[in-house]
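Spelled out from the first residue to the last, the chains are:
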Amino acid sequence: QVQLVESGGGLVQAGGSLRLSCVASRRASTSAMGWFRQAPGKEREFVGAIRWSGGTTYYTDSLKGRFTISRDNAKNTAYLQMNSLKPEDTAVYYCAAGWVATANSYGMDYWGKGTLVTVSS
């Protein structure tokens, strides 16, 4: 079993930045960490992912350039740096652990409880 805990969410003004963290109790057999978000009334959306080994990243096209994923393997931690935030970025952000092949092909076996990001105008 892998427990994931997100942190760093909060209220930020449009144009601001926020960095989310996700600490995994252990990596176990997972090979990647993914970030997802879900706004009220919308489906959960893939934000991006990173492989533990090698650090290859994958992003949804619409977020490329504003969002950056990184990781610290020694700390079993993944990060989501969000810049130039917009009100439409408001959502609960979740981290997950599993595998990723492409931005459209992945599988996540473990999920955190999420952290709320609210972007005001």
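Residues numbered from 1 in each chain as written. Predicted model: local features only at pLDDT ≥ 70, side-chain atom pairs only at ≥ 80, totals over all residues. Heavy atoms only, no water.

J.: Explain the sheet that holds strand β3 (residues 18-24) to me, using residue names and the numbers behind them.
T.: Taken together, four strands build an open sheet; the order of strands is β1-β3-β8-β7 and the sheet is antiparallel. Either end of the sheet is taken by a strand with one partner, and the two such strands are β1 (4-7) and β7 (67-72). Neighbour to neighbour, the strand axes of the sheet diverge by 15 degrees on average, direction disregarded. Pairing geometry for β7 and strand β8 (residues 77-82), over six bridges, is antiparallel. If you follow Asp72 over to β8, its bridge partner there is Thr77. (Pairing = 2+ DSSP bridges. Helix = DSSP H or I, 4+ residues; strand = E, 2+ residues; numbered from the N terminus. Axes fitted to C-alpha atoms, helices over the stretch in contact; angles between N-to-C directions.)

J.: Provide a residue-level description of the nonpolar core, including the pertinent values.
T.: Met33, Trp35, Leu80, Met82 and Tyr93 are the most contacted members of the largest nonpolar core, which totals 27 residues. Elements with a contribution of two residues or more to this core: β3, β4 (32-38), β5 (45-51), β7, β8, β9 (91-102) and β11 (115-120). Those residues in contact with Leu80 that lie beyond four places of it in its chain are Leu18, Arg19, Leu20, Trp35, Val47, Phe67, Thr68, Ile69 and Tyr93. In terms of nonpolar packing, the next biggest core, distinct from the first, is built from eight residues, Ala32, Phe36, Ala49 and Ala96 among them. (Core = buried A, V, L, I, M, F, W, Y, C linked by side-chain atoms within 4.5 Å. Buried < 20%, exposed > 50% of the residue type's maximum accessible area, 1.4 Å probe, protein only. Contact = heavy atoms within 4.5 Å.)

J.: Go over the environment of Gly107, please, and point to the residues and values.
T.: Following the sequence through the fold, Gly107 ends up in strand β10 (residues 105-111). Taking relative accessible area as the criterion, Gly107 reaches 15% and is therefore assigned buried. Those residues in contact with Gly107 that sit more than four places away from it in its chain are Gly98 and Trp99.

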